[in-house]
Amino acid sequence: MTVWDDLVGQERVSEQLAAAARDADAFVTAAASDAPPPEASRMTHAWLFTGPPGAGRNQAARAFAAALQCVSPDRALGGAPGCGFCDGCHTALVGTHADVSAVAAVGAEILVKDMRDTVRKSFTAPANGRWQVILVEDAERLNEKSANAVLKAVEEPAPRTVWLLCAPSVEDVLPTIRSRCRHLVLSTPSVEAVADMLVRREGIEPDVAASVARATQGHVDRARRLATDPAARARRASVLKLPQRVEEVGGALRAAQELVDAAAEDAKQLAEEMDGKETEDLKAALGAAQGGRLPRGTAGVVKDLEDMQKRRRTRTQRDSLDVALADLTSFYRDVLALQFGSRIALANTDAEDALERLARGSTPESTLRRIEAIAACGEALDRNVAPLLAVEAMTMALRAG
């Protein structure tokens with residue numbers, strides 16, 4: 001199993017990255033032997049991965065990072081980098097490689113203080129790997145200051161430093177940054193490709209794999225979670241019942257409250273799993289005895305951790321609401337298909353009765369207005385409108401049609 005096996009439906013991108021990894025490997029090998037470096041036109045110091053949600057941007061970047069760090073002895077016999085089994089590949093894929101640094105948005109933005117140490121590290125030589133790899137998972141969330149810090153590092157990188165930036169589209173990244181990157185576009189995997197991956201890699205029954213792949217419309221991570229997590233399936237079933245609950249004002253407001261509460265519960269569960277351990281580990285590292293007072297001058301460090309945890313809870317709640325909005329959009333998209341008599345495959349076959357009932361009882365114009373209301377809710381959340389207010393406005397618009 002090579003590192004490229006996780007890139008579902010991205011054969012063209014896999015071929016490009018594999019070719020670049022071979023050139024990068026030849027460059028490092030030549031440098032180690034003092035031989036003249038080969039022409040490595042397919043390798044560059046900065047890459048930009050774009051594509052719709054679920055296409056696998058981060059997975060592609062992580063696979064490329066693993067191929068760059070591959071230390072498989074098979075390469076000496078003509079094997080390609082990216083075996084997936086050696087220590088370099090394994091640690092890069094699981095996130096423990098010393099020379100692969102990943103930065104993701106904890107809250108709504110990647111702050112400059114979150115990037116400062118990473119940018120500084122990008123100018124150092126690899127500690128024990130072949131390349132210093134910097135992976136920015138949410139490049140669209142760089143704010144002005146953090147983006148400028150990245151720009152300076154990308155403009156004049158160290159000789160063996162590679163930047164891997166991931167964003168939904170090229171327009172989400174500063175022109176000055178994207179002009180210095182090689183751009184790779186990932187496409188949404190087909191439903192069949194996602195279902196095949198679930199059967200092969202996760203051992204999911206073919207019928208279940210096909211159902212969740214169709215429900216998520218090619219979103220690899222969501223399909224995997226739906227197939228393996230009963231709680232995720234229960235939350236989706238609850239969301240798909242929402243269009244039937246908004247016929248009365250009271251029902252619409254209750255549905256909004258329940259949707260926001262469910263997202264908040266997701267954030268709370270993550271906090272319970274991570275916050276306590278992170279805080280105790282930090283206090284121990286600062287030298288505080290268990291249950292004892294912190295050493296003088298360290299309270300600010302703990303406050304920074306608490307601020308980060310608060311931003312992470314907000315981000316988790318928002319991500320959960322995003323999933324619910326995507327499910328609702330998919331539901332009304334199916335309603336619209338039925339209203340137009342389209343032969344396109346329905347995503348929500350498990351709710352077909354509700355789809356047909358709503359299709360008969362409304363018009364295509366009202367369905368389009370409802371889809372627009374869901375999009376408006378997402379935009380309101382992007383502007384930091386209080387989640388309950390944004391979702392209540394959406395459910396009332398769904399009721400009005």
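What you are looking at is a predicted structure, and each value in this text was computed from that prediction instead of being measured. (Residues numbered from 1 in each chain as written. Predicted model: local features only at pLDDT ≥ 70, side-chain atom pairs only at ≥ 80, totals over all residues. Heavy atoms only, no water.)

## A short note on the environment of A375
What counts is decided by this rule: To qualify as a helix, a DSSP run of H or I must reach at least 4 residues; to qualify as a strand, a run of E must reach at least 2; elements of each kind are numbered from the N terminus. For each residue, the accessible area found with a 1.4 Å probe, counting protein chains only, is set against the maximum for its type, and the residue is called buried under 20%, exposed over 50%, and partly exposed in between.
By the element assignment, A375 lies in helix α14 (residues 364-382). With relative accessibility at 43%, the residue A375 sits in the partly exposed group. For the pair A375 and E265, spaced 110 residues apart in sequence, the C-alpha to C-alpha distance is 23 Å.

## Re the packing of aromatic side chains
Convention followed: Classification of ring pairs rests on two measures: the distance between centres of Phe, Tyr or Trp rings, Trp counted by its six-membered ring, which must be within 6.5 Å, and the angle between planes, read as stacked under 30 degrees, edge-to-face over 60 and tilted in between. Here, over-ring charges are defined by two tests on the NZ atom of lysine or the CZ atom of arginine: distance to the ring centre within 6 Å, and angle to the ring normal within 35 degrees.
Inspection of the entire model under this criterion finds three aromatic pairs. Ring plane angle 70 degrees and centroid distance 5.1 Å describe the contact between W47 and F64, whose orientation is recorded as edge-to-face. One end of the pair, W47, is in strand β1 (residues 46-50); the other, F64, is in helix α2 (residues 57-68), with 17 residues separating them in the sequence. You'll find W47 and F64 in the same group, each marked buried. Directly above the ring of W47 sits R182, whose terminal nitrogen or CZ lies 5.3 Å from the centroid.

## Concerning helix α11 (residues 249-285)
Note the threshold: Expected span of a helix, by definition, is 1.5 Å for each gap between consecutive residues, and there is one gap fewer than residues. To obtain the bend at a residue, axes are fitted to the seven residues ending there and to the seven starting there, and the angle between these axes is taken.
In this model α11 runs 53 Å from its N-terminal to its C-terminal C-alpha over 37 residues, within 8% of the 54 Å that 1.5 Å per residue would give. At A271, α11 shows its maximal kink, close to 35 degrees. Just beyond α11, the residue with positive phi is G287, at close to 95 degrees.

## Side note on the side chain of H97
Quick reminder of the rule: Polar contact is the term for a pair of N or O atoms within 3.5 Å; when the atoms are in protein, one must be able to donate a hydrogen and the other to accept it, and sequence-neighboring residues count only if both atoms are side-chain atoms. We call two residues contacting when some pair of their heavy atoms lies within 4.5 Å.
Relative to the assigned elements, H97 resides in the loop between α3 (87-94) and β2 (100-103). We classify H97 as buried; its relative accessible area is 10%. Within the local environment of H97, its side chain forms a polar contact with the backbone nitrogen of D99, the two atoms lying 2.9 Å apart. For H97, the residues in contact, after removing those within four places along its chain, are Q69, G88, T91, A92, N128 and G129.

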